[in-house]
Amino acid sequence: MNAYEDASKFSKDAMDSALKSVSAMTKGFQQVASETSEFAKRAYEQQTEFMEKLFHVRSPDKAIALQSEYAKTAYQGWVSQATRMGEIYTDVAKETYKPFEQSLATLSAAGTSVATKPAAAAKQATETKAA
C-alpha cells in the first residue's frame with residue numbers, strides 16, 4: 001500500500017511542479033514581449049529623430065556623418081538588446097526548470113531506497129544461511 005501512496009504523492013508533486021513551471025514560463029514570455037515592445041518603441045523614436053535631423057542637413061558631409069552616428073548608435077542598441085534578451089531567456093529557462101529539481105531529487109532518493117532494500121535483504125539472507 002505504501003508504494004501506491006508514494007506514487008500518488010509523486011504524481012501530485014509532479015503536477016504541482018508542472019503548473020509552477022508553466023507559470024514561470026508564462027511570466028518570462030510576458031517579460032520578453034514587454035522588452036521587445038519597449039525596444040521597438042525606442043528604435044522607432046531614434047529613427048524618427050534621425051530622419052528629422054537628416055532632412056535639415058544641407059551638406060553631404062554632414063549627412064554622411066549623421067548616418068554614421070545613427071548606424072553606430074543603432075548597432076550598439078541592438079547588441080545591448082540582444083544581450084538583454086539572452087539574459088531573459090536564460091532566466092526563464094532556469095525558473096522553468098527549478099520546480100522539477102525537487103521532484104527529481106525526491107524520485108532519485110525513492111529509486112535509491114527501492115534499489116537498496118532488495119540488496120540488503122539478499123545480503124541478510126546470505127548471512128543467515130552462512131550462520
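Colleague: Describe the overall build of the chain, naming the residues involved and giving the relevant values.
Modeller: In terms of regular secondary structure, the chain is built from two helices and zero strands. Looking at the chain alone, contacts between residues at least 24 apart form 78% of all its contacts between residues at least 6 apart. Summing over all exposed atoms, the chain offers an accessible surface of approximately 10,300 Å²; the carbon and sulfur share of this is 62%.

Colleague: If you had to explain the pattern of salt bridges to someone new, which residues and values would you point to?
Modeller: The tally for this structure, following the rule as stated, stands at five salt bridges. The closest approach of N and O atoms between D16 and K12, which form a salt bridge, is 3.1 Å. Remark: K12 and D16 occur in helix α1 (residues 2-56); sequence separation between them is four residues, near one turn of the helix. With its nearest N and O atoms 3.9 Å apart, the salt bridge here joins R84 to E87. With R84 and E87 both in helix α2 (residues 60-130), this residue pair falls three residues apart, about one helical turn. When its relative accessible area of 30% is taken as the criterion, R84 is described as partly exposed.

Colleague: Can you break down the side chain of T96 residue by residue, with the values?
Modeller: Inspection of the secondary structure assignment puts T96 in helix α2. On the basis of relative accessibility, which here comes to 12%, the residue T96 falls in the buried class. With sequence-adjacent residues up to four places away left out, T96 is seen in contact with S21, A24 and M25.

Colleague: Could you give an account of the layout of surface pockets, with specific residues and numbers?
Modeller: Approximately 150 Å³ is the volume found for the second largest pocket. Forming the walls of the second largest pocket are Q46, E49, F50, K53, L66, E69, Y70, T73 and A74. Looking at the lining of the second largest pocket, the elements with two or more residues in it are α1 and α2. Top contributing element to the lining of the second largest pocket by residue count: α2, with five residues. For the lining of the second largest pocket, the class distribution of residues is four nonpolar, two polar and three charged.

Colleague: Can you break down a nonpolar patch on the surface residue by residue, with the values?
Modeller: Residues M25, F29 and Y89 make up a contiguous nonpolar surface patch of roughly 290 Å² in combined accessible area. Looking at the element boundaries, F29 is found in helix α1. The exposure class assigned to F29 is partly exposed, which follows from its relative accessible area of 44%.

Calculation rules
Residues numbered from 1 in each chain as written. Predicted model: local features only at pLDDT ≥ 70, side-chain atom pairs only at ≥ 80, totals over all residues. Heavy atoms only, no water. Helix = DSSP H or I, 4+ residues; strand = E, 2+ residues; numbered from the N terminus. Contact = heavy atoms within 4.5 Å. Areas by Shrake-Rupley, 256 points an atom, 1.4 Å probe, with all protein chains shown as cover. Salt bridge = Lys/Arg side-chain N within 4 Å of Asp/Glu carboxyl O. Buried < 20%, exposed > 50% of the residue type's maximum accessible area, 1.4 Å probe, protein only. 1 Å grid on protein atoms, 1.4 Å probe; cavity = no way out; pocket = protein on both sides within 12 Å on 5 of 7 lines; lining within 4 Å. Points joined across faces, edges and corners; volume = space filled by probe spheres on them. Nonpolar A, V, L, I, M, F, W, Y, C, P; charged D, E, K, R; others polar. Patch = residues over 30% accessible without salt bridge, like charges linked within 9 Å, V, L, I, M, F, W, Y side chains within 5 Å.

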